[in-house]
Amino acid sequence: MNKQNFTTSLKCFVCQKEYPPEHIYVCPTCGLQGILDVQYDYDRIKATLTSDIIASRQFNQWRFREFLPVSFTAPLPNLHVGWTPVYNVERLAQAVGVRQLYLKDDGRNPTNSFKDRASAVGVMKAVEFGFDTVAAASTGNAASSLAGLAASMGLRSYIFVPQRAPQPKVTQLLIFGATVLRVKGSYENAFDMCWEACENFGWYNRSSGTNPYLVEGKKTGGHEIAEQFTGAGALNGGKLPDWLVVSIGDGCTIGGIGKGLQEMKLAGLIPESPRLLGVQAEGAKPILEAYYSGNDLVPSETNTIADSIAVGTPRNWRRAIQQVKLSNGEMVAVSDDEILDAMRKTARLGGVFGEPAGVTGVAGIKKAVEKGIIKSNETVLTVITGNGLKDIQTAMTAAGKEIEIEPDLRSLENVISKQLQTDV
Ligand SMILES: *Cc1c(COP(=O)(O)O)cnc(C)c1O
């Protein structure tokens, strides 16, 4: 088969064995532990990809498609994924204690999270491998983005959710036409059901972490950051930020963005990658524990309001730690209260409404400054990975309550004068 891209193999993170870049999920020898990493012919990419070629392309997820495992000639999903805006937020920078802070708002993707970058590659691989149906086990952004991207490509989707999946999230799946199966059991039951169903019925499995091609889509976050800070009309005077801060659940997001930046360095498009700060929630930090212990990951219980990063058995922890170390980075954990505070501050001082996992990076910056990891004269970028309307329940806790008044001006004046008093 002429795959028409620059991939060379799939390499196991555990045993280092390499396999042809075809339809395979995990290492046949190591099983679910053996996450595969897509390898490329970077010399050929470097010889092919010039800044003129890049400049001739549209501003979206496919701008650096030489670094993606998709065919150059395959039809692309028609939704706009990627090339999300970066904002310079001075008042928020002051509040968290750094010289300059940038937010990259990935809540602006078609289904409102960073996961769209992965799902867009996922549905293309499904089509390339001849599938007409895709499946995932998730309640969260991975599922809604798969349902949305599948709808845009005319693929059927089956989503397995655990018993306690909240109705608003299920609704975002149903509206895209996904068949949603509420499995009477835990998330692990739903995950296992999804694997078995894919085997039995011949569906393509998007389940988080284990499909080697999906994380490749997440690299585009790194490619874009590189160009947004060094290309035409660059931010920050053409200089990359000192730190790039990303929240961590499964580890694919930070692992993907990190790999994307390393590739831009390999291709000679940036001099150096920013240092990565990985941020976990206090109530779900098995990757941070493994990072500090140097041992294999020990699965943990999870207890945090940041549901998108409440992952007790992360699959891509090796990739996350590898990228943090490669960039000479660090990791911190933040509490739910710190996340709620970051939700308010990001909205009120930066104008961006992020979901709890989406603003966990902002909380992490404040923590890292307090710990002396990030210096107050440094420049920082964090990715807002999901939009705040995804989880209105938690947003209500952070936002506070409205004020009820009688329909007359006197009643309003009363409120305003009280507010003025409490303000000073
Ligand atoms: C999935 C997700 C993350 C974390 O990504 P991982 O690959 O699980 O580490 C962060 N924020 C949001 C909004 C997400 O949906």
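Residues numbered from 1 in each chain as written. Predicted model: local features only at pLDDT ≥ 70, side-chain atom pairs only at ≥ 80, totals over all residues. Heavy atoms only, no water.

1. Topic: the overall build of the chain
What the chain contains, in helices and strands, is 15 helices and 13 strands. Within the chain, contacts between residues at least 6 apart in sequence are counted, and of these 70% link residues at least 24 apart. Distance from the positive charge centre (43 side chains) to the negative charge centre (44 side chains) of the chain: 2 Å. (Helix = DSSP H or I, 4+ residues; strand = E, 2+ residues; numbered from the N terminus. Contact = heavy atoms within 4.5 Å. Lys, Arg positive; Asp, Glu negative; His and termini not counted. Charge placed at Lys NZ, Arg CZ, Asp CG, Glu CD.)

2. Some details on the nonpolar core
Of all hydrophobic cores here, the largest spans 84 residues; its most connected members are Ile159, Phe160, Tyr204, Ile225, Leu244, Ile257 and Ile287. Not counting residues up to four positions away in its chain, the partners in contact with Ile287 are Ile248, Gly249, Asp250, Gly251, Gln280, Leu297, Pro314, Trp317, Ala320, Ile321 and Met331. If you look at the next biggest cluster of nonpolar residues, it comprises 33 residues, including Leu92, Val96, Ile339 and Ala363. (Core = buried A, V, L, I, M, F, W, Y, C linked by side-chain atoms within 4.5 Å. Buried < 20%, exposed > 50% of the residue type's maximum accessible area, 1.4 Å probe, protein only.)

3. Quick look at the site of the ligand
Lys115, Asn141, Asp250, Thr253 and Thr385 are the nearest of the 16 residues found near the ligand. Residue Cys252 places a main-chain N or O atom 3.0 Å away from an oxygen atom belonging to the ligand. The contact in question runs from an oxygen atom of the ligand to an N or O atom on the side chain of Thr253, over 2.7 Å. When the ligand is considered free in solution it has 380 Å² of accessible area, and contact with the protein chains removes 96% of it. Taken together, the residues that form the shell around the ligand break down as four nonpolar, eight polar and four charged. (Near = heavy atom within 4 Å. Polar contact = N/O pair within 3.5 Å; in protein donor to acceptor, adjacent residues only side chain to side chain. Areas by Shrake-Rupley, 256 points an atom, 1.4 Å probe, with all protein chains shown as cover. Nonpolar A, V, L, I, M, F, W, Y, C, P; charged D, E, K, R; others polar.)

4. Concerning the packing of aromatic side chains
Evaluation of the coordinates by the stated rule reveals 14 aromatic pairs. Both rings, one in Tyr25 and one in Trp195, keep their centres 5.5 Å apart while their planes meet at 75°; by these two values the pair is edge-to-face. Of this pair, Tyr25 sits in the loop between β2 (18-19) and β3 (36-40) while Trp195 sits in helix α7 (residues 187-201), placing them 170 residues apart in sequence. Overall, the relative accessible area of 11% leaves Tyr25 in the buried class. On the accessibility criterion, Trp195 (19% relative accessible area) is buried. Members of the aromatic cluster, connected to one another through ring pairs, are Tyr25, Phe129, Phe131, Phe191, Trp195, Tyr204 and Tyr213. Above the plane of the ring of Trp83 lies Arg63, whose end atom (NZ or CZ) is 5.3 Å from the centre. (Phe/Tyr/Trp six-rings, centres within 6.5 Å; stacked < 30°, edge-to-face > 60°. Lys NZ or Arg CZ within 6 Å of the ring centre and 35° of its normal.)

5. A word on the sheet that holds strand β7 (residues 156-162)
With parallel pairing, four strands are arranged side by side in an open sheet as β8-β7-β6-β9. At either margin of the open sheet sits one strand with a lone partner, and together these are β8 (179-183) and β9 (204-205). In terms of strand pairing, strand β6 (residues 133-137) meets β9 through two bridges, oriented parallel. Residue pairing for β9: Val134 is matched across the bridge by Tyr204. (Pairing = 2+ DSSP bridges.)

6. As for helix α9 (residues 252-266)
The terminal C-alpha atoms of α9, which comprises 15 residues, lie 20 Å apart, in line with the 21 Å expected from a rise of 1.5 Å per residue. Counting buried positions along α9 gives 13 out of 15 residues, so the element sits mostly inside the fold. Immediately downstream of α9, the backbone of Gly268 shows phi near 75°, a positive value. (Expected span 1.5 Å × (residues − 1).)

7. Here's the deal with the layout of surface pockets
Empty space within the second largest pocket amounts to approximately 240 Å³. Considering the residues around the second largest pocket, the lining is formed by 15 residues, among which Phe13, Asp37, Gln39, Lys259 and Gln322 are closest to the centre. Within the residue set of the lining of the second largest pocket, elements represented by two or more residues are β1 (7-12), β3, α9 and α11 (317-326). Per-class residue counts for the lining of the second largest pocket are five nonpolar, six polar and four charged. (1 Å grid on protein atoms, 1.4 Å probe; cavity = no way out; pocket = protein on both sides within 12 Å on 5 of 7 lines; lining within 4 Å. Points joined across faces, edges and corners; volume = space filled by probe spheres on them.)

8. Quick notes on the pairing of β3
Along β3, four of the five residues are buried, which leaves the element largely enclosed by surrounding structure. Pairing analysis gives five bridges linking β1 to β3, with the strands arranged antiparallel. Looking at β3, one finds that Cys12 is bridged to Leu36.

9. Looking at the packing of α9 against α11
Across the interface, α9 lies against α11 with an axial gap of 8 Å and an inter-helix angle of 40°. Classed by the angle they form, the pair α9 and α11 counts as oblique. Handedness of the crossing formed by α9 with α11: left-handed. Along the contact surface, α9 presents Ile254, Gly255, Gly256, Gly258, Lys259 and Gln262, while α11 presents Arg319, Ala320, Gln323, Val324 and Leu326. Residues of the contact of α9 with α11, tallied by class, amount to four nonpolar, five polar and two charged. (Axes fitted to C-alpha atoms, helices over the stretch in contact; angles between N-to-C directions. Parallel < 35°, antiparallel > 145°, perpendicular 65-115°, else oblique. Left-handed = near helix turned anticlockwise from the far one by under 90°.)

10. A look at a negative patch on the surface
Among the surface-exposed residues, Glu402, Glu404, Glu406 and Asp408 lie close enough to one another that they form a single negatively charged patch. In this structure, Glu404 sits in the loop between α14 (392-399) and α15 (409-423). Since its relative accessible area comes to 79%, Glu404 is described here as exposed. (Patch = residues over 30% accessible without salt bridge, like charges linked within 9 Å, V, L, I, M, F, W, Y side chains within 5 Å. Salt bridge = Lys/Arg side-chain N within 4 Å of Asp/Glu carboxyl O.)

11. Describing the sheet that holds β2
The antiparallel open sheet is built from three strands, whose spatial order is β2-β1-β3. The sheet terminates laterally at β2 and β3, the two strands that pair on one side only.

12. Looking at the packing of helix α10 (residues 286-293) against α11
Look at α10 against α11: their axes get within 10 Å of each other, and the N-to-C directions meet at 55°. On the basis of their axis angle, the class for α10 and α11 is oblique. The hand of the α10/α11 crossing is right-handed. Where α10 abuts α11, its residues Ile287, Ala290 and Tyr291 lie against Trp317, Ala320, Ile321, Val324 and Lys325. For the contact of α10 with α11, the residue count by class is seven nonpolar, no polar and one charged.

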